[in-house]
Amino acid sequence: MKNLFSINVKTQEKTYSPYVVRSVSAETSSQQEAFDEQLTKSEKASKLPLWLRIVQLLCGIVAVCIFCGLMRAFGENEHDESFSEMWARFVGNGAITMIIVGVICLAVFIALLVWGKLRSNKVQASPEYQTVIATAEKLQNSSYEELGVPADADELDVFSYAFKYNRKGKERCGTVANYITISVKIFKDEDSLYFADTSEVIKIPLSAVKTVDSINKRLSFMGWSKDQKPNSPEYKPYKIRVNNMGILFVKWCLSVKLILDGEEFEIIIPPYESEILKKYVDIEQSAAPVTEQTTENDAEEAAEHEKAQEIEKISDGEIAE
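Worth saying up front: this structure is predicted, and the values here are computed from it rather than measured.

Here's the deal with the overall build of the protein
At step 1: Across its full length, the protein holds 7 helices and 15 strands.
At step 2: Taken across its 321 residues, the protein has 38% of its residues classed as buried.
At step 3: A separation of at least 24 residues holds for 73% of the contacts in the protein among residues at least 6 apart in sequence.
At step 4: Roughly 18,600 Å² of accessible area belongs to the protein as shown, and the carbon and sulfur atoms make up 57% of that amount.

This is the structure:
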């Protein structure tokens, strides 16, 4: 079963392309490309240089490894030594040097973290950046108007991923998460369901929607588009977790099953969008929650689940539920 919002990374072809019914003009498309370049430059200016971000990451890893190792060593007092005896033994084994290196690495990590935050705040507060944001809103609104997207259309996150074809068939491109979120506008008329971004509109007959299944499986994804944080009161019921790599985790999702031109597709919706989805699709028609989802094949799904668990194990510093 194909994810309707998946993308062929080699050809840049979108799986939903055959169902696009409206696109922006070439002039608007050129304006969007020019703005994207401008936005990329602004975002780059708000970040530390890449080499400093690498130094920050390495210093953080080294500091954590050193202090975790020392704490573990202090905790394993096999000889029932006093603290002074253990300290004397550690000093003799070069522990002081390790502690000094750990402190220096931690200090560098914190300094770069603060510097990066100050730099980002400075750029975002600048008149130039505010002009970019105002231009973005104006261009977005004009694009939606050109595409005929209703003003009362809701914004919806969907799960997407990139794939490529190899000798064994279709496979996903390697990422640190199972999915990437894409924000689209959703609206409908009497017969059809529509999804739109600032470039094009997709039309799906409501008769093509067969079921909406609740998938009870842990998933990881990247890209948080909401104004409120994942642990805010609005999203707290969905128990979204975020690790120190910025990767988000949910314990379930919704799969909208479609049949288009005799072929099976699905649209994967994060749990925090279930109330929005209810406005457009009859979720009550769903079968009982599914414990394991079959999108491409069982092996791929097992690999996804394992990846989500591995990512969380690597990054124990989760922010909050």
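Description of helix 5 (residues 127–147)
At step 1: With 21 residues, helix 5 ought to run about 30 Å at 1.5 Å a step, and its terminal C-alpha atoms sit 30 Å apart, in line with that.
At step 2: Turning to helix 5, its buried residues are Tyr129, Val132, Leu139, Ser143, Tyr144 and Leu147. In a view along the axis of helix 5, the buried residues occupy a sector of 130 degrees, so they form one face of it. Projecting away from the buried face of helix 5 at angles above 90 degrees are the exposed residues Pro127, Lys138 and Glu145.
At step 3: Trailing helix 5 by a residue or two, Gly148 shows a phi angle of about 75 degrees, which is positive.

Observations concerning the pattern of salt bridges
Side chains that carry opposite charge are capable of pairing whenever their charged atoms lie near each other.
At step 1: One pass over the full model with this rule turns up 6 salt bridges.
At step 2: Here Lys279 ties to Asp154 by a salt bridge, and the two come within 3.5 Å at their closest N and O atoms. One end of the pair, Lys279, is in the loop between helix 6 (274–278) and helix 7 (298–314); the other, Asp154, is in strand 4 (residues 154–160), with 125 residues separating them in the sequence.
At step 3: The salt bridge partner of Asp213 is Lys257, with a shortest N-O separation of 3.1 Å. Linking Asp213 in strand 10 (residues 209–215) with Lys257 in strand 14 (residues 253–260), this pair joins segments that are 44 residues apart in sequence. Considered together, Asp213 and Lys257 belong to a single accessibility category, that of buried residues.

Structural notes on the nonpolar core
At step 1: In this structure, Leu4, Phe5, Phe195, Ile204, Leu258 and Ile267 are the most contacted members of the largest nonpolar core, which totals 27 residues.
At step 2: Listing elements by their share of this core, those giving two or more residues are strand 4, strand 7 (179–188), strand 8 (192–196), strand 9 (200–205), strand 10, strand 14, strand 15 (263–269) and helix 6.
At step 3: Among the elements that line this core, the one with the most residues is strand 14, at 4 residues.
At step 4: Leaving out residues up to four positions away in the same chain, Ile267 has contacts with Leu4, Phe5, Val158, Phe195, Leu254, Ser255, Val256 and Leu258.
At step 5: In terms of nonpolar packing, the next biggest core, distinct from the first, is built from 16 residues, Ile215, Ile240, Val242 and Val250 among them.

Comments concerning the packing of aromatic side chains
At step 1: Tallied over the entire structure, the rule returns 11 aromatic pairs.
At step 2: Each ring, one from Phe187 and one from Tyr194, has its centre 5.0 Å from the other, and the planes form 10 degrees; the classification is stacked.
At step 3: Judged by relative accessible area, Phe187 falls into the buried class, the value being 8%.
At step 4: With a centroid separation of 6.4 Å and an interplanar angle of 35 degrees, the aromatic rings of Phe221 and Tyr272 are classed as tilted. Of this pair, Phe221 sits in strand 11 (residues 219–222) while Tyr272 sits in the loop between strand 15 and helix 6, and the two are 51 residues apart along the sequence.
At step 5: Relative accessible area serves as the criterion here: at 0%, Phe221 is assigned to the buried category.
At step 6: Taking relative accessible area as the criterion, Tyr272 reaches 5% and is therefore assigned buried.
At step 7: Three or more aromatic residues link up through ring pairs in this structure, and these residues are Phe159, Tyr161, Tyr179, Phe221, Trp224, Tyr235 and Tyr272.

Here we look at the sheet that holds strand 15
At step 1: As summarised here, the arrangement of the 4 strands in space is 1-15-14-10, forming an open sheet in which the pairing is mixed. Every interior strand has two partners, whereas the edge strands, strand 1 (2–3) and strand 10, have only one.

Here we look at a nonpolar patch on the surface
At step 1: Taken together, Leu50, Ile54, Leu57, Leu58 and Ile61 make up a surface patch of nonpolar side chains, about 480 Å² in accessible area.
At step 2: Looking at where Leu57 falls in the secondary structure, it is placed in helix 2 (residues 50–75).
At step 3: Judged by its relative accessible area of 53%, Leu57 falls in the exposed class.

Some points on the confidence of the model for the protein
At step 1: With 79% of its residues at a pLDDT of 70 or more, the protein has an overall mean of 81.
At step 2: Residue range residues 287–299 is modelled with pLDDT below 50. Its contacts to residues more than four positions away, or to other chains, number 31 contacts.
At step 3: The low-confidence segment residues 314–321, where pLDDT is below 50, has 21 contacts with residues more than four positions distant or belonging to other chains.

Definitions and cut-offs
- Residues numbered from 1 in each chain as written.
- Predicted model: local features only at pLDDT ≥ 70, side-chain atom pairs only at ≥ 80, totals over all residues.
- Heavy atoms only, no water.
- Helix = DSSP H or I, 4+ residues; strand = E, 2+ residues; numbered from the N terminus.
- Buried < 20%, exposed > 50% of the residue type's maximum accessible area, 1.4 Å probe, protein only.
- Contact = heavy atoms within 4.5 Å.
- Areas by Shrake-Rupley, 256 points an atom, 1.4 Å probe, with all protein chains shown as cover.
- Expected span 1.5 Å × (residues − 1).
- Arc of directions from axis to C-beta.
- Salt bridge = Lys/Arg side-chain N within 4 Å of Asp/Glu carboxyl O.
- Core = buried A, V, L, I, M, F, W, Y, C linked by side-chain atoms within 4.5 Å.
- Phe/Tyr/Trp six-rings, centres within 6.5 Å; stacked < 30°, edge-to-face > 60°.
- Pairing = 2+ DSSP bridges.
- Patch = residues over 30% accessible without salt bridge, like charges linked within 9 Å, V, L, I, M, F, W, Y side chains within 5 Å.
- pLDDT = per-residue confidence, 0-100.

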